[in-house]
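Architecture and fold: a report
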Amino acid sequence: SEKLALLKQLGGQSSSGFGNETDMEIANTYLSQEKYTEAIPYLENVLQKQPNGVNAPRALLKLGLSYYNKDNESKALAYYRQVVEKFPGSPETTEALQSIKTIYVSQGKTDDYLAFLKASGRTVTASAEDSLAYAAAESRFTNNDCAGAINAFNSYIQKYPNGQFILPANFYKA
């Protein structure tokens, strides 16, 4: 597109002083077109030029999103974790934490998610742990992973015999 051509031309002028902003805008344009593979090098450029710059948390978050949409959850997690670990006070941290939660719950790895939260200095209530364990089991059920769902519901029932979701867990398990 014409916008991309102009941005690339502007970014190529090293004296312009807009290199990082231009790379970010090119990446955003590709992301808006769901061209994740094309966006990645520009996001990586942002980090290479200024790893702790103002655009770094946003670039890391968008790299996580790009890899998530390319079905590479392990790389997505790595980038989301960097947002939380390197920029804990940034606005992007909330979205990164939600994305990390989504991935771990879909994988049925709520214990790993809880360990990550605790390691990053966040407190987790017993109620939140209960909810996560149930959500992981329910996710497996929703995704037609019957064997995984039965195991997850059994694990939930064992771990939380008085949990807030004990009735539906027993129902789904049957």
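Residues numbered from 1 in each chain as written. Predicted model: local features only at pLDDT ≥ 70, side-chain atom pairs only at ≥ 80, totals over all residues. Heavy atoms only, no water.

Things to note about the overall build of the protein chain
Selection rule: Per the convention used, a helix needs a DSSP run of H or I reaching at least four residues, while a strand needs a run of E reaching at least two, with both numbered from the N terminus. Categorising residues by exposure relies on relative accessible area from a 1.4 Å probe, with only protein chains included: less than 20% of the type maximum marks a residue as buried, more than 50% marks it as exposed, and the intermediate range marks it as partly exposed. For the area figures, the Shrake-Rupley method with a 1.4 Å probe applies, and any residue is considered shielded solely by the protein chains shown.
Looking only at helices and strands, one finds 10 helices and zero strands in the protein chain. Along the protein chain, from the amino end to the carboxyl end, the secondary structure elements read α-α-α-α-α-α-α-α-α-α. Within the protein chain, buried positions represent 41% of all 174 residues. When the accessible surface of the protein chain is summed, it comes to about 9700 Å², and 51% of that surface belongs to carbon and sulfur atoms.

Side note on unusual backbone geometry
At E34, a position not held by glycine, the phi torsion is positive, near 60°. Here E34 is to be found in the loop between α2 (19-32) and α3 (36-49). With a phi close to 60°, N144 is a non-glycine residue in the positive phi region. Mapped onto the elements of the fold, N144 is located in the loop between α8 (126-142) and α9 (146-159). The exposed category is assigned to N144, whose relative accessible area is 65%.

Observations regarding the environment of Y67
The following threshold applies: Residue contacts follow a heavy-atom distance rule, with two residues in contact if any of their heavy atoms lie within 4.5 Å.
In this fold, Y67 is placed in helix α4 (residues 56-69). Sequence spacing of Y67 and I40 is 27 residues, and the spatial spacing of their C-alpha atoms is 8.6 Å. Apart from residues lying up to four places away in sequence, Y67 is in contact with I40, E44, N72, K75, A76 and Y79.

Quick look at helix α7 (residues 110-119)
Our working rule: Note that the arc is computed from the directions linking the helix axis to the C-beta atoms.
Every buried residue of α7 is listed here: T110, Y113, L114, F116 and L117. Looking straight down α7, one finds that the buried residues subtend no more than 160° of arc, so they occupy a single side. Its buried side turned inward, α7 meets α5 (73-86), α6 (92-107) and α8. Remark: G121 follows α7 within two positions and exhibits a positive phi of approximately 85°.

Section: the pattern of salt bridges
This is how it is decided: By definition, a salt bridge exists where a carboxyl oxygen of Asp or Glu is found within 4 Å of a side-chain nitrogen of Lys or Arg.
All told, the structure shown has five salt bridges when counted by the stated rule. Put simply, D111 and K159 hold a salt bridge, and the shortest N to O gap is 3.1 Å. Remark: K159 occurs in helix α9 and D111 occurs in helix α7; sequence separation between them is 48 residues. For the salt bridge of D145 with R140, the shortest nitrogen-to-oxygen distance reads 3.4 Å. We classify R140 as partly exposed; its relative accessible area is 23%.

Here's the deal with the nonpolar core
Quick note on the threshold: By nonpolar core is meant a set of buried Ala, Val, Leu, Ile, Met, Phe, Trp, Tyr and Cys residues that side-chain atoms within 4.5 Å join together.
Of all hydrophobic cores here, the largest spans 38 residues; its most connected members are L43, L63, Y80 and I100. Every element with two or more residues in this core is listed here: α2, α3, α4, α5, α6, α7 and α8. The leading source of residues in this core is α3, at seven residues. Ignoring anything within four residues of it in the chain, the contact list for I100 reads L77, Y80, R81, V84, Y113 and F116. If you look at the next biggest cluster of nonpolar residues, it comprises 11 residues, including A152, I157, I166 and A169.

Looking at the packing of aromatic side chains
Where two aromatic rings form a pair, the distance of their centres and the angle of their planes describe that pair. We count it as follows: Side-chain rings of Phe, Tyr and Trp, where Trp is taken by its six-membered ring, are said to pair if the distance between their centres is within 6.5 Å; with planes under 30 degrees apart they count as stacked, over 60 as edge-to-face, and otherwise as tilted.
Applying the stated criterion across every chain, the model contains 11 aromatic pairs. Centroid distance Y104 to Y113: 6.2 Å. Interplanar angle 50°. Geometry classified as tilted. Neither Y104 nor Y113 differs from the other in exposure class; each is buried. Plain terms: the ring middles of Y156 and Y160 are 5.3 Å apart, the flat faces sit at 35° to each other, and that makes the pair tilted. Each member of the pair, Y156 as well as Y160, carries the same accessibility label: buried. Taken together, the aromatic side chains of Y134, F141, F153, Y156, Y160, F165, F171 and Y172 make up a single cluster linked through ring pairs.

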